[in-house]
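Here is how the chains run, residue by residue.
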Amino acid sequence: MFRIRRIFDDAIQVNQDALRQVKAILQKRIPSVSEQEIIHLEDKLRNPFTLRFRPILFVAENMRHKVLGFAMVLHEPDINFCFLDWIATAKDTLRGGLGSALYERVRTECAALKVSGLFFECLPDTPGECEPGLIKDNIARLRFYERYGARPIINTGYEAPVNPEDTCMPHLVYDDLGKDTPLARSHTKKVVRAILERKYKDLCPAEYVEQAVASIRDNPVKLRPFCHVRPHKTRRAVHDRFSEKIVLVVNQDHEIHHIHERGYVESPVRITRILSHLEKSGLFETLETQPFPDIHIHGVHDADFIEYLARACEEVPADKSLYPYVFPIRNKTRRPKESTVLPGYYCIDTFTPIHRNAYPAARAGVNAALTAADALLAGRRISYALVRPPGHHAEQRSFGGFCYFNNAAIAARYLREQGRVAILDIDYHHGNGQQDIFYHRSDILTVSIHGHPEFAYPYFTGFEDETGTGEGEGFNCNLPLAETVDGRTFRSALMQALAKVAAFEPDFLVVCLGLDTARNDPTGTWSLTPKDFYKNGQMIGTIGLPLLVVQEGGYNTRNLGLNARHFFEGLAQAVFTPTRDRTLTQSPPKGIQFRYDPLPQDVEKIRHLVAATGFFREDEVEIAAQLVAERLEKGLASGYYFVMAVRNGGRLVGYGCYGPIPCTLAGYDIYWIAVAPEFQKKGLGQALLAKMEQLITEAKGHTIYVETASQQRYAPTRAFYERCGYTIAATLPDFYSPGDAKMVYSKPLKTPTTIPDRPSGNETIGIRQ
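Residues numbered from 1 in each chain as written. Predicted model: local features only at pLDDT ≥ 70, side-chain atom pairs only at ≥ 80, totals over all residues. Heavy atoms only, no water.

When helices and strands are counted, the protein chain shows 21 helices and 24 strands. A compact globule built from 769 residues should have a C-alpha radius of gyration of about 27 Å, and the protein chain, at 30 Å, falls within 12% of that. The proportion of buried residues among the 769 residues of the protein chain is 58%. If you take every contact in the protein chain between residues at least 6 apart in sequence, the share linking residues at least 24 apart comes to 74%. Approximately 32,600 Å² of the protein chain is accessible, and the part contributed by carbon and sulfur atoms is 52%. (Helix = DSSP H or I, 4+ residues; strand = E, 2+ residues; numbered from the N terminus. Rg over C-alpha atoms; globule rule 2.2 N^0.38 Å. Buried < 20%, exposed > 50% of the residue type's maximum accessible area, 1.4 Å probe, protein only. Contact = heavy atoms within 4.5 Å. Areas by Shrake-Rupley, 256 points an atom, 1.4 Å probe, with all protein chains shown as cover.)

Moving on, we get to the sheet that holds strand S7 (residues 171-175). Strand order in this open sheet of 7 strands is S1-S2-S3-S4-S5-S7-S6, and the pairing throughout is mixed. Looking at which strands have only one partner, the edges of the open sheet turn out to be strand S1 (3-7) and strand S6 (151-152). Bridge count between strand S2 (residues 54-61) and strand S3 (residues 67-76): 8 bridges; the pairing is antiparallel. Counterpart to leucine 57 in the pairing with S3 is methionine 72. Sitting on the sheet, helix H1 (residues 13-29) is in contact with S1, S2, S3 and strand S4 (81-89), with an inclination near 90° to S3. (Pairing = 2+ DSSP bridges. Axes fitted to C-alpha atoms, helices over the stretch in contact; angles between N-to-C directions.)

Looking now at the nonpolar core. One finds Leu309, Ile354, Phe399, Phe405, Leu415, Val510 and Leu548 to be the most contacted residues of the largest nonpolar core, which totals 57 residues. A total of 12 residues in this core trace back to one element, the largest contributor, which is helix H12 (residues 358-377). Residues within four places of phenylalanine 399 in sequence aside, it is in contact with Phe305, Tyr308, Leu309, Pro343, Tyr346, Cys347, Ile348, Thr352, Pro353, Ile354, Ala394 and Tyr404. Core analysis: the second largest hydrophobic core is formed by 54 residues, Leu479, Leu494, Leu498 and Phe567 among them. (Core = buried A, V, L, I, M, F, W, Y, C linked by side-chain atoms within 4.5 Å.)

So, on to the state of the cysteines. Going through the model one piece at a time under the given rule, you end up with 1 disulfide. Just so you know, cysteine 204 is unpaired, no disulfide at all, and the nearest cysteine sulfur is the one on cysteine 168, 16 Å from it. Not part of a disulfide, cysteine 347 finds its nearest cysteine sulfur in cysteine 403, a span of 10 Å. (Disulfide = S-S within 2.5 Å.)

Let's shift gears to the packing of aromatic side chains. Aromatic rings in a pair are described by how distant their centres are and how their planes are angled relative to each other. Applying the stated criterion to the full structure yields 41 aromatic pairs. Taking the centre distance of 5.2 Å and the plane angle of 85° together, the rings of phenylalanine 567 and phenylalanine 568 count as edge-to-face. When its relative accessible area of 0% is taken as the criterion, phenylalanine 568 is described as buried. Seen in terms of ring centroids, phenylalanine 642 and tyrosine 655 are 6.2 Å apart; in terms of plane orientation they differ by 25°. Their pairing is stacked. Of this pair, phenylalanine 642 sits in strand S19 (residues 641-647) while tyrosine 655 sits in strand S20 (residues 652-660); the two residues are 13 residues apart in sequence, bridging distant segments of the chain. For phenylalanine 642, a relative accessible area of 2% translates into the label buried. (Phe/Tyr/Trp six-rings, centres within 6.5 Å; stacked < 30°, edge-to-face > 60°.)

Note the cis peptide between asparagine 219 and proline 220, where omega equals 5°. Mapped onto the elements, proline 220 comes out in the loop between helix H7 (206-214) and strand S8 (246-250). In this structure, histidine 65 is a non-glycine residue whose phi angle is positive, near 65°. By the secondary structure assignment, histidine 65 is in the loop between S2 and S3. Of note in the backbone geometry, aspartate 180 takes a positive phi value of approximately 55° without being a glycine. One can find aspartate 180 in the loop between S7 and helix H6 (185-199).

Chain-level statistics for the protein chain give a pLDDT mean of 90 and a share of 93% at 70 or above. In this model residues 580-585 is a low-confidence stretch, pLDDT under 50, and it forms 28 contacts with partners more than four residues away in sequence or in other chains. Under a pLDDT of 50 for its full length, residues 751-769 has, in the predicted model, 94 contacts with residues more than four places off or in other chains. (pLDDT = per-residue confidence, 0-100.)

What follows is about the sheet that holds S19. Spatially, S18-S19-S20-S21-S22-S24-S23 is the arrangement adopted by the 7 strands of the open sheet, whose pairing is mixed. The outermost strands of the open sheet, each flanked by one partner alone, are strand S18 (592-595) and strand S23 (727-737). Averaged over all pairs of adjacent strands, the angle between strand axes in this sheet comes to 25°, irrespective of strand direction. This element, helix H20 (residues 684-698), spans S18, S19, S20, strand S21 (667-675), strand S22 (703-709) and strand S24 (740-748) of the sheet and lies at about 155° to S21. Sheet strands in contact with helix H21 (residues 715-723) are S21, S22 and S24, and its direction is about 160° off that of S22.

In this section: the pairing of strand S15 (residues 476-481). Most of S15 is tucked away: 6 of the 6 residues are buried. By the bridge criterion, 6 bridges tie strand S14 (residues 444-451) to S15 in an arrangement that is parallel. Across the sheet, residue serine 448 finds its bridge partner in S15, namely asparagine 478.

The next thing to look at is helix H17 (residues 560-576). Here H17 spans 24 Å end to end across 17 residues, near enough to the 24 Å set by a 1.5 Å rise per residue. The buried fraction of H17 amounts to 13 of the 17 residues, a majority that puts the element mostly inside the structure. (Expected span 1.5 Å × (residues − 1).)

Among the 9 residues of S21, 9 are classified as buried, and the element is accordingly described as predominantly covered. Here S20 runs beside S21; their pairing, made up of 7 bridges, is antiparallel. Bridge pairing in S21 links tyrosine 658 to isoleucine 670. Where S21 lies against S22, 4 bridges are found, and the strand directions are parallel. The partner of aspartate 669 across the bridge, within S22, is tyrosine 705. Between S21 and its parallel partner S22, the chain crosses via H20, and the hand of that crossover is right-handed. (Right-handed = clockwise from strand over helix to strand, strands pointing away.)

Once that is clear, we can look at the environment of arginine 413. Positionally, arginine 413 belongs in helix H13 (residues 407-416). Counting along the chain gives 114 residues from arginine 413 to glycine 299, while the straight-line C-alpha distance between them is 7.6 Å. Other than its neighbours up to four places away in sequence, arginine 413 contacts Gly299, Val300 and Ile444.

Counting across every chain of the model gives 38 salt bridges. The residue lysine 747 makes a salt bridge to glutamate 693 at a minimum N-O spacing of 3.3 Å. On the criterion of sequence distance, the pair formed by lysine 747 in strand S24 and glutamate 693 in helix H20 is long-range, its members being 54 residues apart. The buried category is assigned to lysine 747, whose relative accessible area is 17%. In this structure, lysine 742 and glutamate 707 form a salt bridge, with 2.9 Å as the shortest nitrogen-oxygen distance. A residue pair is termed long-range when its members are at least 10 positions apart, and lysine 742 in strand S24 and glutamate 707 in strand S22 qualify at 35 residues. Judged on exposure class, the residue lysine 742 and its partner glutamate 707 are both buried. Connected through salt bridges with shared partners, the residues Arg3, Arg5 and Glu61 form a single ionic network. (Salt bridge = Lys/Arg side-chain N within 4 Å of Asp/Glu carboxyl O.)

Time to look at the packing of H12 against H13. Closest axis-to-axis distance for the H12/H13 pair is 9 Å, and the angle between their directions is 35°. For the pair H12 and H13, the sense of crossing is right-handed. Every residue of H13 that contacts H12 at Ala362, Gly365, Val366, Ala369, Leu370, Ala373, Asp374, Leu376 and Leu377 is listed here: Asn407, Ile410, Ala411, Tyr414 and Leu415. Classifying every residue of the contact of H12 with H13 by side-chain character gives 11 nonpolar, 2 polar and 1 charged. (Left-handed = near helix turned anticlockwise from the far one by under 90°. Nonpolar A, V, L, I, M, F, W, Y, C, P; charged D, E, K, R; others polar.)

If you want it as structure tokens, here you go:
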């Protein structure tokens, strides 16, 4: 038995272990891969723009997390194709179920990305082109792929040797993913150029790339006839639905907790209605709830509260509910002895009863939440704990709001053992439980969007000025909203909340999902629709973190299931196809923000930053500082515009300077890009360039110019701009000194494009004027 899962990053231990095993398979099975490429495999996942592709890594592993095989796909969203970089098994063959399962998973992913097709390389199967010992294996590989309709592209110079002594050059193979659409010449040229210039940039000189591209003359491009498989026996069809599944863990014991009193809306039918819609989506894989020890509850709730809840629920008659009615406002230190009074000592309201089955149902809900959290630690990307009773109103030593144990807080503390955790509560009512439990801590961030306590339960918490205490100061964020809220207003608050989460840089995000924000919910006043829940799911999914969703409120059983389904469809779309509809344009790396107005202290900061790169002469450092000073003195009339990259706390870690070229209608110069040494090769330089390009485009600029030198030390600078789409517009020989020419690069601009949320690779950039 094995399963195939995607590895998004190396943030958790199980993924780190899998990557080590993948590297071992690479070294054994694909010895041609360089040691450096193997060493930096994690960097490919963290920083996909080193090759200007988005990597997608699948591993096939057994139940003990032993990796049996893997596949690495490179997605190019701008040109819209995928390239199968590696596929290998720990054993010596792709034949059999494992190789087929991996390749079929790759095909499904590519189809879901809506790409034109899947390209990859295979060594030739013609005798005489390779050593005789390789031909048999090459035939087997090409036969394997022909079963899916994939065949080599012919009548091009792709197989031409780079050097005269090169032999056994690979075919470029194309899989149309069952679409039966012709392969256009213009598209193929872009694909070949991207492969040779990016993947093989250190092997293929520019003239070789141009020759290979120019050799593509057929339109449409032709594929080799079938050689090893009869065409009617191929299995070319592929579905384009998500292969990755959301883990679903249901509290199966929830039904025993059923309060029959009139008006008690927290009922078992809530789970039934949600499940009926989720089952139709095809997005979920159900896991059985596993038992967990009480120690995890004790890490969040006080021992006397836990003991009271267990004993009181056991002692109350089976057909009775004991409601709180007296509360210890005057003297909280004296615990009453009368059993009918005790509920008020541990409860925050009058409508959450002690009931015979409240404790066992809530205890089973904790197991469900921890099982879902454990799935994240096993490498799953999204887990959903569908539990009732809910939990986010349960505080450290009290219950209320239909809640007995705080499932989300218990799961967050459990995940905290493996990394930093943020909790985002999107229930209509304030997440007072998480706030109370973690109010003094800085390692778990709590954020809540809710109805203002002026009108919404629990009334006494949820104000904006409640930001934490002691070490936890600044790590609790409340976003109370008005009594009337539509989807757009909610998403504005959600954007603020996600920005707060992103700045915290967590390793996991726990989402308290309240569906009581929907229109006509009996406990709320807002008007969110199914489309709004879909968009909310999309927004949360773009955060790029392992997600644990814990069910909280939502009581309109007519729309409960529909809204839940739409939320998870949006979430899955964002998480499982994170590369669709995005370009290779950059945004800041994690934890970095941009500002645009220089401050007086920036003069010295930029002088220090530019000097710290070790790339510039003293006079060049002074020029960089003078440009900032001139902007501060003259304002925008100086013609100098800035993009400052600041780390949390305001530290300047990179900057760019640009401006309009005098006497031109819409030409712009980029004067400087500099990045602090410890942030080089992490995508910050390319993110700064992308932001300047965006701002120039918005200012109606049509062409950007960059000037640099021809000296060898500026070769990384020239390569950087060439990778970013700049071409040489002019060369002025001996401009700086004999033998040192000025190289003028240019790039025409297009209409503004969406700036996505993943960084790229980059070196320090030195621009010599």
